[in-house]
Amino acid sequence: MEKKKIVVAVTGGIAVYKAVTLVSRLVQDQYDVRVIMTPSATKFVTPLTFQVMSKNDVYTDTFDEKVSSEIAHIALSDWADAFVIVPATANVIGKLANGIADEMVTTTLLATQAPVFIAPAMNVDMYANRAVVRNMERLREDGYRFIEPDDGYLACGYVGKGRLAEPEHIKEVLDAHFEPSDADVPLRGKRVVVTAGPTLERIDPVRYVSNFSSGKMGFAMATAARDLGADVTLIAGPVSLETPDGVTRIDVESAADMFEAVISRFDEADLVVKSAAVADYRPAVVADQKMKKQEGDASIPLERTTDILKTLGERKKGQLLVGFAAETNDAIAYGRGKLEKKNADYIIVNDVTNPEGGFGSDTNVVTLLGKEGFEHDYPATEKEQLARLILREIVAREWSM
Ligand code: CTP
């Protein structure tokens, strides 16, 4: 088998020692590894360590051309199948986000067409710093992929998010990038449309009707579908959540906008997950000017919006339809009713009064209902993991041999 070619870019943080472990693991597992280092990285570990581990020359200086017939940073950027920055400091993240190339690592990264994975490591407050957050967002938009740091004890004495992901996990991410097995990506080749968040229905230019949906469960479903290999489009109502890497996001405002966005993608979809809390009613008339208060009480006439899931249920031709039912009482019975009425294949029932689930919470407690009485309870689980479990269950029932 041909070896995969990885450039490990090492920048200057105390977590550099973990990059040594990573390089060692990669080399043992049939990767061809070259290492480039920033000058500050060399203050923590010498290039010789990486040279021995990678069994290749280590590059630290843009002007130190080891082969006279080539330009090292261009040759390396062309050679690599992928780059991984381990650890990535706030400094290198800032430079990359702004196109600055002032030493070997940033110069090489600026020249490459290969995918670049970034594994940040820094103090918890630096990680939350607005400039750093902004730079990371920009890099995500530019197609860089992040390997999230862990929560835990940091070398600076703080406890929080910022600890470099473990070398084993970084290697798993790289392995999955190069050779996802069919079992890892059962949704490969499938198009998945996920809706998320609330919808917002305007009353006048300054007021609206909406609901408390945070969009977290829908974003978790989109992330899980992507992790399982699907081509994912996420249609999001107004929420303040980051777009998962590799997911196409379409922002909408009202139930009517969401209807348009979903229907126009329905024919090509294999699976539609309707996590959005779509408004059932909207103001019958939207005032073009701010409504002035009058003497006495007021009421706003509301009209029904289109039930998107029900419409999809009527029009479906082989697409799999998964809906949600947010309930406060008799959850299972209402959920079964929605499964039938909307002609969905599955309904994920969510008791929003449960303190461990529902709007805004990071965990959820749900029951997955399917046709012919299928029912599976999930205890309180982090939304991202829950989304993966639910999608795996559905895939196993629908698309496995
Ligand atoms: N849904 C939809 N379009 C609407 C309303 C709901 O597509 N106009 C979808 C939701 O995305 C969800 C499912 O229908 O997947 C159930 O939503 P829910 O609000 O729980 O139920 P409703 O159908 O609105 O029923 P009720 O308000 O009576 O509980």
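Computed from a prediction, not measured in an experiment: that's the story for all the values here.

Conventions we followed
- Residues numbered from 1 in each chain as written.
- Predicted model: local features only at pLDDT ≥ 70, side-chain atom pairs only at ≥ 80, totals over all residues.
- Heavy atoms only, no water.
- Near = heavy atom within 4 Å.
- Areas by Shrake-Rupley, 256 points an atom, 1.4 Å probe, with all protein chains shown as cover.
- 1 Å grid on protein atoms, 1.4 Å probe; cavity = no way out; pocket = protein on both sides within 12 Å on 5 of 7 lines; lining within 4 Å.
- Sits in = over half its atoms within 2 Å of the grid points.
- Helix = DSSP H or I, 4+ residues; strand = E, 2+ residues; numbered from the N terminus.
- Nonpolar A, V, L, I, M, F, W, Y, C, P; charged D, E, K, R; others polar.
- Pairing = 2+ DSSP bridges.
- Axes fitted to C-alpha atoms, helices over the stretch in contact; angles between N-to-C directions.
- Parallel < 35°, antiparallel > 145°, perpendicular 65-115°, else oblique.
- Left-handed = near helix turned anticlockwise from the far one by under 90°.
- Contact = heavy atoms within 4.5 Å.
- Buried < 20%, exposed > 50% of the residue type's maximum accessible area, 1.4 Å probe, protein only.
- Phe/Tyr/Trp six-rings, centres within 6.5 Å; stacked < 30°, edge-to-face > 60°.
- Core = buried A, V, L, I, M, F, W, Y, C linked by side-chain atoms within 4.5 Å.
- Domains from an automatic or database assignment.
- Points joined across faces, edges and corners; volume = space filled by probe spheres on them.

1. As for the site of the ligand
- Within the structure, the ligand sits among 16 residues, and Lys-274, Ala-276, Phe-324, Lys-338 and Lys-342 are positioned closest to it.
- In isolation the ligand exposes 570 Å². Once the protein is present, 77% of that is buried.
- Judged by the fraction of its atoms near the pocket grid, the ligand is located in the second largest pocket.
- Of all elements in the fold, only helix H12 (308-315) and strand S17 (320-327) reach the threshold of two or more residues within the shell around the ligand.
- Of the residues that constitute the shell around the ligand, the class distribution is eight nonpolar, three polar and five charged.

2. A short note on the sheet that holds strand S18 (residues 346-351)
- As summarised here, the arrangement of the eight strands in space is S13-S12-S9-S14-S17-S18-S19-S20, forming an open sheet in which the pairing is mixed. The open sheet has two free edges, formed respectively by strand S13 (248-251) and strand S20 (375-382), since each of these has just one partner strand. Pairs of neighbouring strands in the sheet enclose a mean axial angle of 20°, with direction left out of account.
- Alignment of strand S19 (residues 363-370) against S20, held across six bridges, turns out to be antiparallel.

3. With respect to the packing of helix H5 (residues 90-97) against helix H8 (residues 130-141)
- Close contact between H5 and H8 brings their axes to 9 Å; oriented N to C, the two are set at 50°. Looking at the two axes, H5 sits oblique to H8. The two elements H5 and H8 meet at a crossing, and its hand is left-handed. Contacts between H5 and H8 involve Ala-90, Ile-93, Gly-94, Leu-96 and Ala-97 from the former and Val-132, Asn-135, Met-136, Arg-138 and Leu-139 from the latter.
- Its residues assigned to classes, the contact of H5 with H8 shows seven nonpolar, two polar and one charged.

4. Points about the pairing of strand S9 (residues 191-196)
- With five of six residues buried, S9 lies mostly within the body of the structure.
- Sheet analysis places S9 next to strand S12 (residues 231-236), joined by six bridges and oriented parallel. Residue pairing for S12: Ala-196 is matched across the bridge by Ala-236.
- For S9 and strand S14 (residues 271-274), the ladder comprises four bridges, and the chain directions are parallel.

5. Thoughts on the packing of aromatic side chains
- A complete count under the given rule lists two aromatic pairs for this structure.
- Summarising the aromatic geometry, the rings of Tyr-31 and Phe-178 are spaced 5.9 Å apart at their centres and angled 55° between planes, so their arrangement reads as tilted. One end of the pair, Tyr-31, is in strand S2 (residues 31-37); the other, Phe-178, is in helix H9 (residues 167-178), with 147 residues separating them in the sequence. Both residues of the pair, Tyr-31 and Phe-178, count as buried.

6. Describing the nonpolar core
- Membership of the largest hydrophobic core comes to 35 residues, with the highest contact counts inside it found for Val-192, Val-194, Met-221, Val-273, Ile-348, Leu-368 and Ile-390.
- Only S9, helix H10 (216-227), S12, S14, S17, S18, S19 and helix H14 (383-399) provide two or more residues apiece to this core.
- The element best represented in this core is H10, accounting for seven residues.
- Excluding residues that lie within four positions of it along the chain, Ile-348 makes contacts with Met-221, Val-322, Gly-323, Phe-324, Ala-325, Val-366, Thr-367, Leu-368 and Ile-390.
- Within the second largest apolar cluster, 31 residues are counted, among which are Ala-15, Leu-22, Ala-119 and Leu-174.

7. Observations regarding the domain arrangement of the protein chain
- Assigned domains within the protein chain: domain 1 (5-177) and domain 2 (191-398).
- For domain 1 and domain 2, the distance between their C-alpha centroids amounts to 38 Å.

8. Quick look at the layout of surface pockets
- In this structure, the largest pocket occupies an estimated 1,900 Å³ of space.
- In this structure, the largest pocket is lined by 48 residues; those nearest its centre are Phe-146, Thr-223, Arg-226, Asp-227 and Glu-384.
- Elements represented by at least two residues in the lining of the largest pocket include exactly H8, strand S6 (145-146), strand S7 (150-153), H9, H10 and H14.
- Grouping the constituent residues of the lining of the largest pocket by class yields 17 nonpolar, seven polar and 24 charged.
- Two domains each provide a minimum of three residues to the lining of the largest pocket, namely domain 1 (5-177) and domain 2 (191-398).
- The wall of the second largest pocket is formed by 40 residues, among which Ala-276, Ala-277, Val-278, Phe-324 and Ala-326 lie closest to the centre.
- Of all elements in the fold, only H10, H12, S17 and helix H13 (331-341) reach the threshold of two or more residues within the lining of the second largest pocket.

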